[in-house]
Amino acid sequence: MSLARAPLSTSLRIRAVRHDGPVGVRLMEMGLIEGAIVQVLGRAPLGDPLRVRLGTCELSLRGSEAELVDIVRE
Amino acid sequence: MSDPSPQTTVHRTARDAELARGATRTVALIGNPNTGKTSLFNALTGFSRHVANYPGVTVEVASGRIRGCDAPIELLDLPGTYSLAARSPDEQIVADAVWGRLAARPRPDALLVIVDACNLQRNLYLLSQALELELPVVVAVNMIDLAAARGLRIDFELLAQRLGVPAIPVVAVHPATIMPLVVALQRATAAAPTHPQPPIDARLAEACRGLALGDRTLRPAEALRVLADRDGQERARYLASGGSMAALDAARERLFAAGIDPAVAEVRGRYAWVDRVLNGVVTQPARPILTWSDRLDHVLTHKVWGPVVLFGVLFVLFQAIFPWAKPLMEQIEAGFDLLGRAAGAWLPEGALRSLVVDGVIAGVAGVLVFLPQIMILFAFIAVLEDCGYMTRAAHLMDRVMRGIGLSGRALIPLLSSFACAVPAIMGARVIADRRERFLTIMIAPFMSCSARLPVYVLMIAAFVPERGVLGGWVGLQGLVMLAMYLVGVVVAIPVAWLLKRTVLAGPASGFVLELPSYKVPGLRAMWQRMYFAARSFIIRAGSVILVVNLVVWALAYFPRDARVAERLSQQAAAEGWGEAQLESALAGAWLRESYLGRAGHAIEPVLAPLGWDWRIGVGVIASFPAREVIVATLGTVFNLGAGEDETSEPLRDALSAARWPDGRPLFTLPVALSIMVFFALCAQCASTLAVIARETGSWGWAALSFFSMTTIAYFAAWGVSAGASAAGL
């Protein structure tokens, strides 16, 4: 399942990040790597971008970027 | 601590000799965005920085002397970055600085890496890159108070031991906590680096060494940047400095054949190292503690309440600027008025007096009067940015901004463009994507900056009736003012749409934005931002605008044909004019016959469809270099002598009294509206064009901005004039 379609407030484990483009590598540099635990905290008014908790920090991610992140429920 | 590896001691001998002679040592301060870097810089240097900074907090490379140490150490404040693999111009500055590639700056002697105690994992990623730079490193672990509030326990001794470099806990906003850091920096700058390098993937490391071996100028950590390059910049730099394309391609091919993507292997290797370093160093609470910042975010990023609060904040901002600035503006005006009178009384009548009073004093006053507004706007921006709200605003607005090819990141530069497009365009450097950055730069000048305000104030006060609409709750004058601010925004949308589909076409860029914890904004930092905004504005007023004013003055003053005066005094004697009437008629005649007056006459046919005469044309021509010149120019043109400000009664009356040769009033409501719309949209600012050229690296973009804005302004003014006349206004 992709992070873009993940349920809110659920603990999720990152399984893989598509890194064939520069955006994927930047996501990984920001800490969205295999094995990291994330949680979707909410969405901006028009449903996008997503507010994602990663460890102790919060990120704002667009749906198109969250698509690159493959997750499983913890 | 381990022994230094052999490569850490090379490349330093020349600099060592310099330092032995007592040269000032340089320390570069790097860190992720939102780690309190500027606060730490201020705490270490005591708020002394040498370069003006603009929105984005640290866009320019500022430097300051560290206080409280024996040997002089200069601290370099660099923009925030998540990685030394640069993607935006801001990040490129950091990469260039740490490698000593910044022009006129030697390579730093040591690095100060600031990390956020709450987010050690991600922050140590940049640190792992910094540890490879063959420079001594000191780590400042900032915001330990916030980490404690989140229930995080950090073993600093163990951390320092594992890193092999000093790791010093600080609270940058409390300068008392930084003394140990100063001691560590002094020690670090006096010695060669001794820390071990974080191991990365063995085959990748081998490829880096291999590439570096074949090229004497390339260090292994630089070779990694070239191998892991995604956008071709590092590769181009490597080839330009004489690197072998064959060696690079062969090394990359070997890695990919072994299933190793260098960029991905680098990230995985570094995070594996980070996990090993932090294991046992950070103890998390059993259950995450919800801080007040988290609770606040539930409201401020809420689907409904978030936008409501955002618009509330913007409303208060724009409502507050004008009334708060007014008393200060009146003081400045009164001060310059006194100065002008004193100079006028002291200087003999003639060209010199006119130059000093009408050219210099009135010109500078006309510009400095906007200083209070600019400072208030920058104070607002500083507070909103410092407390962490700006990133929430960017998060909330991203989807809307995407409709015109921008992202939430462009919100901050575009908002600050309402004060002045120059810092806004420089602030666009935080946007990594080139197309998006250029698009932001191109539409920023459409936002109504404070220099347009005098035109609006003058025209509205003189020609828009002072009455209420919508049941008397809303003032018509205020409504027209709001409409003028909206005109730029409304026109910018199709312009952005068009640019995005033509010259700036391309795929959408990424948008990963960190939402830092909220914090109480620092008053001193706010004062600092206001001070630098004010200083750069005053410098601008004192240089570009002053020169423009002098040129305009000269064009409006010369050639001063004596026959004009002769003719008028004969007429005055014949018709029994008073002295005041003669003087006024003379001033008008001088201007009509001046070079500027002739230029105004020359373009009158072009202006006729707008309902403008040559005198308005003179004002428009004179204000192309800097639009705030218009008020003073109109004052001169309408026979009052220069030095009028926009609320002065006589200028308003003179405009109302101005007539066409056939007796019709010149300034009707349609004409006033079309002048305002023209000024709202026209590219009348030499500084903005110069900064566009500098930031885009080409005068082509500045030319495109100038011609497109001026064309749009002309036709919009025409449309408004015609439309308002047809509506019977």
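In case you missed it, the structure is sitting above this.
All values reported here derive from a predicted model rather than from experimental measurement.

Caption draft 1: Examining helix α4 (residues 120-130) of chain B more closely. Judged by how many residues are buried, α4(B) sits mostly within the fold: 10 of 11 residues are covered. Within the span of α4(B), buried status applies to B:Leu120, B:Arg122, B:Asn123, B:Leu124, B:Tyr125, B:Leu126, B:Leu127, B:Ser128, B:Gln129 and B:Ala130.

Caption draft 2: Seen up close, the sheet that holds strand β2 (residues 37-43) of chain A. An order of β5(A)-β1(A)-β2(A)-β3(A)-β4(A)-β11(B) is seen for the 6 strands of this open sheet, with the pairing classed as antiparallel. Every interior strand has two partners, whereas the edge strands, β5 (69-73) of chain A together with β11 (512-515) of chain B, have only one. Here the strands of the sheet are splayed against their neighbours by 40° on average, with no regard to which way each runs. The pairing of strand β3 (residues 50-54) of chain A with strand β4 (residues 57-61) of chain A spans 5 bridges and is antiparallel. Its bridge partner being in β4(A), A:Leu50 is matched across the sheet by A:Leu61.

Caption draft 3: View of the sheet that holds strand β1 (residues 25-31) of chain B. Residues and elements named next belong to chain B. Ordered by their spatial adjacency, 6 strands build an open sheet running β2-β3-β1-β4-β5-β7, and the pairing between neighbours is mixed. Looking at the sheet topology across the chains shown, the edges are occupied by β2 (62-65) and β7 (167-169). Taking each pair of neighbouring strands and ignoring which way they run, the sheet shows an average axis angle of 25°. For strand β4 (residues 110-116) and strand β5 (residues 137-142), the ladder comprises 6 bridges, and the chain directions are parallel. Note that in β5 the partner of Ile114 across the bridge is Ala140. The strands touched by α4 within the sheet are β1, β4 and β5, with β4 carrying the most contacts at an inclination of about 170°. Strand contacts of helix α7 (residues 179-189): β1, β3 (73-77), β4, β5 and β7, with the helix running at about 165° to β5, the strand carrying the most contacts.

Caption draft 4: Geometry of the interface of chain B and chain A. The interface of chain B with chain A comprises 42 residues on the first partner and 31 residues on the second. Both faces considered, chain B and chain A share a buried interface measuring about 3300 Å² in area, 54% of it formed by carbon and sulfur atoms. The interface formed by chain B and chain A includes 7 salt bridges. For the salt bridge of A:Glu34 with B:Arg268, the shortest nitrogen-to-oxygen distance reads 2.6 Å. Taken together, chain B and chain A are joined by 18 residue pairs in polar contact (both at pLDDT 80 or more). At the level of elements, α4, α12 (262-278), α13 (292-300), α17 (389-402) and β11 of chain B are the ones that each hand at least two residues to the side of chain B that touches chain A. With 7 residues, the top contributor of residues to the side of chain B that touches chain A is α17(B). Looking at side-chain class alone, the side of chain B that touches chain A contains 17 nonpolar, 10 polar and 15 charged residues. When β4(A) meets β11(B), the two strands line up antiparallel, connected through 4 bridges. Paired with A:Leu61 across the strands is B:Val512, a residue of β11(B).

About the criteria used
Residues numbered from 1 in each chain as written. Chains lettered and ligands numbered in written order. Predicted model: local features only at pLDDT ≥ 70, side-chain atom pairs only at ≥ 80, totals over all residues. Heavy atoms only, no water. Buried < 20%, exposed > 50% of the residue type's maximum accessible area, 1.4 Å probe, protein only. Helix = DSSP H or I, 4+ residues; strand = E, 2+ residues; numbered from the N terminus. Pairing = 2+ DSSP bridges. Axes fitted to C-alpha atoms, helices over the stretch in contact; angles between N-to-C directions. Contact = heavy atoms within 4.5 Å. Buried area = accessible area lost by both parts, 1.4 Å probe. Salt bridge = Lys/Arg side-chain N within 4 Å of Asp/Glu carboxyl O. Polar contact = N/O pair within 3.5 Å; in protein donor to acceptor, adjacent residues only side chain to side chain. Nonpolar A, V, L, I, M, F, W, Y, C, P; charged D, E, K, R; others polar.

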